[in-house]
Amino acid sequence: MNKLTAGVIHRLELPLEGTVEFHLPGFRRMLHVAEHRNHEKSGNAFEVWYERNAFPHESELAKVRFRIVGTGSPITFRTGPTYAEYLGTVTTHHGLYVWHVYVEYPVVEEA
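Residues numbered from 1 in each chain as written. Predicted model: local features only at pLDDT ≥ 70, side-chain atom pairs only at ≥ 80, totals over all residues. Heavy atoms only, no water.

(A) Looking closely at the sheet that holds strand 7 (residues 97-104). Reading across the sheet, the 4 strands line up as 2-5-7-6 and stay open at both edges, with antiparallel pairing between neighbours. Looking at which strands have only one partner, the edges of the open sheet turn out to be strand 2 (18-25) and strand 6 (85-92). Taken pair by pair, the neighbouring strands of this sheet meet at an average axis angle of 25 degrees, ignoring direction. Pairing geometry for strand 5 (residues 61-70) and strand 7, over 6 bridges, is antiparallel. Considered in strand 7, the bridge of I68 is made with V101. (Pairing = 2+ DSSP bridges. Helix = DSSP H or I, 4+ residues; strand = E, 2+ residues; numbered from the N terminus. Axes fitted to C-alpha atoms, helices over the stretch in contact; angles between N-to-C directions.)

Pasting the structure below:
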């Protein structure tokens, strides 16, 4: 295995609504979003999985922004290939609430 190309999958917890940013070392791409595996946390958070370099250099810190929107809530940010891209949909509270997750990378700061 080449240290320059080796990858690994990591997991993050996200809140149910709003915008959250992470600085992720060696970030490559987002993979999946799902209801939290811990049912005690599933009413407050969900999980995303992402791929990153297995041996990131300290300069490989990527700012990744997640935007979480409930069904029926307004989308107040730009979407599309150079802005926030749709990652997936997840339900909570036994399917009662539906959340849609968008991810921005690289983060584009609007003037």
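So, next bit.
(B) Local environment of the nonpolar core. If you look at the biggest cluster of nonpolar residues, it comprises 20 residues, and the most contacted ones within it are L14, M30, F46, V48, F66, I68 and V101. Within the residue set of this core, elements represented by two or more residues are strand 1 (7-15), strand 2, strand 3 (27-35), strand 4 (45-53), strand 5, strand 6 and strand 7. The biggest single contributor to this core is strand 5, with 4 residues. Apart from residues lying up to four places away in sequence, V48 is in contact with H10, R11, L12, L14, M30, H32, V33, F66 and L87. (Core = buried A, V, L, I, M, F, W, Y, C linked by side-chain atoms within 4.5 Å. Buried < 20%, exposed > 50% of the residue type's maximum accessible area, 1.4 Å probe, protein only. Contact = heavy atoms within 4.5 Å.)

(C) Layout of the pattern of salt bridges. Under the criterion given, the structure shown has 9 salt bridges. R11 is paired through a salt bridge with E13; the nearest N and O atoms lie 3.7 Å apart. You can call E13 partly exposed: its relative accessible area is 32%. Of the charged contacts in the structure, one is a salt bridge between E51 and R29, with a shortest N-O distance of 3.1 Å. Taken as a pair, E51 in strand 4 and R29 in strand 3 lie far apart in primary sequence, 22 residues in all. (Salt bridge = Lys/Arg side-chain N within 4 Å of Asp/Glu carboxyl O.)

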